[in-house]
Amino acid sequence: RNALDNIPVFHLLAIRFTVGGLLLSLICWSRWKAFTRDYLWRGAVIGGFLFLAYAVQTFGLALTTPSKNAFLTASYCVIVPFLTWAVVKVKPDRYNIAAALLCITGVGFVSLNDQLSINAGDLLTLLCAVFYAAHIVAVAKVSPGKDVLLLTTFQFVFAGIYSWIFGLSMEEFSFQLLSDPGVFW
């Protein structure tokens, strides 16, 4: 959250995903022989969901507390079975339903105020949980038969590309901010 005081959201994500993508490219150097062109569209799809989840979560973090942001983000765990049901047609079991009811109750206790409304930061954070769940379902759908580390590399690269596109088109940024070592700590 401290970094958000100094670096715009999309630029922060762009730096994180670009560095991550570059490091993974180096770590996975020996795996590049498995590369085929379909890694590009697969990486673009799951990188898109990852980008959306992080972006919405980071905007939500700017409008709520870090602890609420973390708790609400974790609700993706109970969304995954229901999203899987919608995509793969595998019904959630009774434990998934019980977990979802408990989660909804917890979200209510954490987020609802006296007027039974929810603030924008908490709402964005809940939306990010949906995108994290979509990311998990998309990974399960597009990764079979693929080298997981190589696919992860492309997902990070594409998330970085999306972040740069949004950052350069929507935010003002000065690299002078990066000279302050306290920005990221």
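Structure's up top.
1. Concerning the packing of helix H2 (residues 38-61) against helix H3 (residues 66-73)
In helix packing, the relevant descriptors are the interaxial angle and the interaxial distance, both defined with respect to the helix axes. Contact geometry of H2 with H3 gives a least axis separation of 9 Å together with a crossing angle of 145°. Along this stretch, H2 crosses H3, giving a crossing that reads as right-handed. Only Pro66, Asn69 and Thr73 of H3 make contact with H2, whose side of the interface consists of Gln57, Gly60 and Leu61. For the contact of H2 with H3, the class distribution of residues is two nonpolar, four polar and no charged.

2. What to know about the nonpolar core
Counting residues in hydrophobic clusters, the biggest one holds nine residues: Tyr39, Ala44, Ile46, Ala138, Val142, Leu150, Leu151, Phe154 and Phe158. Of all the secondary structure elements, the ones that give two or more residues to this core are H2, helix H6 (120-142) and helix H7 (148-170). When residues of this core are assigned to their parent elements, the largest contribution, four residues, is made by H7. The next biggest cluster of nonpolar side chains, apart from the first, holds eight residues, and it includes Phe10, Leu50, Phe51 and Ala159.

3. Thoughts on the side chain of Asp122
Within the element layout of this structure, Asp122 appears in helix H6. Here Asp122 falls in the buried class, since its relative accessible area comes to 0%. In this structure the side chain of Asp122 is engaged in a polar contact, spanning 2.8 Å, whose partner is the side chain of Lys68. Every residue in contact with Asp122, bar those within four places of it in the chain, is listed here: Thr64, Lys68, Leu72, Val110 and Ser111.

4. Brief notes about the environment of Val142
Relative to the elements of secondary structure, Val142 occurs in helix H6. C-alpha of Val142 to C-alpha of Leu112: the two residues are 30 residues apart in sequence and 37 Å apart in space. When residues no more than four places from it in sequence are discounted, the contact partners of Val142 are Trp41, Arg42, Ile46 and Leu151.

5. Some details on unusual backbone geometry
Note: most peptide bonds trans; most residues except glycine with negative phi. One non-glycine residue, Lys89, lies in positive phi territory at about 70°. Among the structural elements, Lys89 can be located in the loop between helix H4 (76-88) and helix H5 (94-111). On the basis of relative accessible area, Lys89 is assigned to the exposed category, the value being 63%.

6. Some thoughts on the packing of aromatic side chains
One pass over the structure, following the stated rule, counts 15 aromatic pairs. Centroid distance Tyr39 to Phe154: 6.2 Å. Interplanar angle 35°. Geometry classified as tilted. Linking Tyr39 in helix H2 with Phe154 in helix H7, this pair joins segments that are 115 residues apart in sequence. One exposure class covers both Tyr39 and Phe154, and it is buried. On the basis of an interplanar angle of 40° and a centroid distance of 6.2 Å, the ring pair of Phe158 and Tyr162 is categorised as tilted. Remark: Tyr162 and Phe158 occur in helix H7; sequence separation between them is four residues, near one turn of the helix.

About the criteria used
- Residues numbered from 1 in each chain as written.
- Predicted model: local features only at pLDDT ≥ 70, side-chain atom pairs only at ≥ 80, totals over all residues.
- Heavy atoms only, no water.
- Axes fitted to C-alpha atoms, helices over the stretch in contact; angles between N-to-C directions.
- Helix = DSSP H or I, 4+ residues; strand = E, 2+ residues; numbered from the N terminus.
- Left-handed = near helix turned anticlockwise from the far one by under 90°.
- Contact = heavy atoms within 4.5 Å.
- Nonpolar A, V, L, I, M, F, W, Y, C, P; charged D, E, K, R; others polar.
- Core = buried A, V, L, I, M, F, W, Y, C linked by side-chain atoms within 4.5 Å.
- Buried < 20%, exposed > 50% of the residue type's maximum accessible area, 1.4 Å probe, protein only.
- Polar contact = N/O pair within 3.5 Å; in protein donor to acceptor, adjacent residues only side chain to side chain.
- Phe/Tyr/Trp six-rings, centres within 6.5 Å; stacked < 30°, edge-to-face > 60°.

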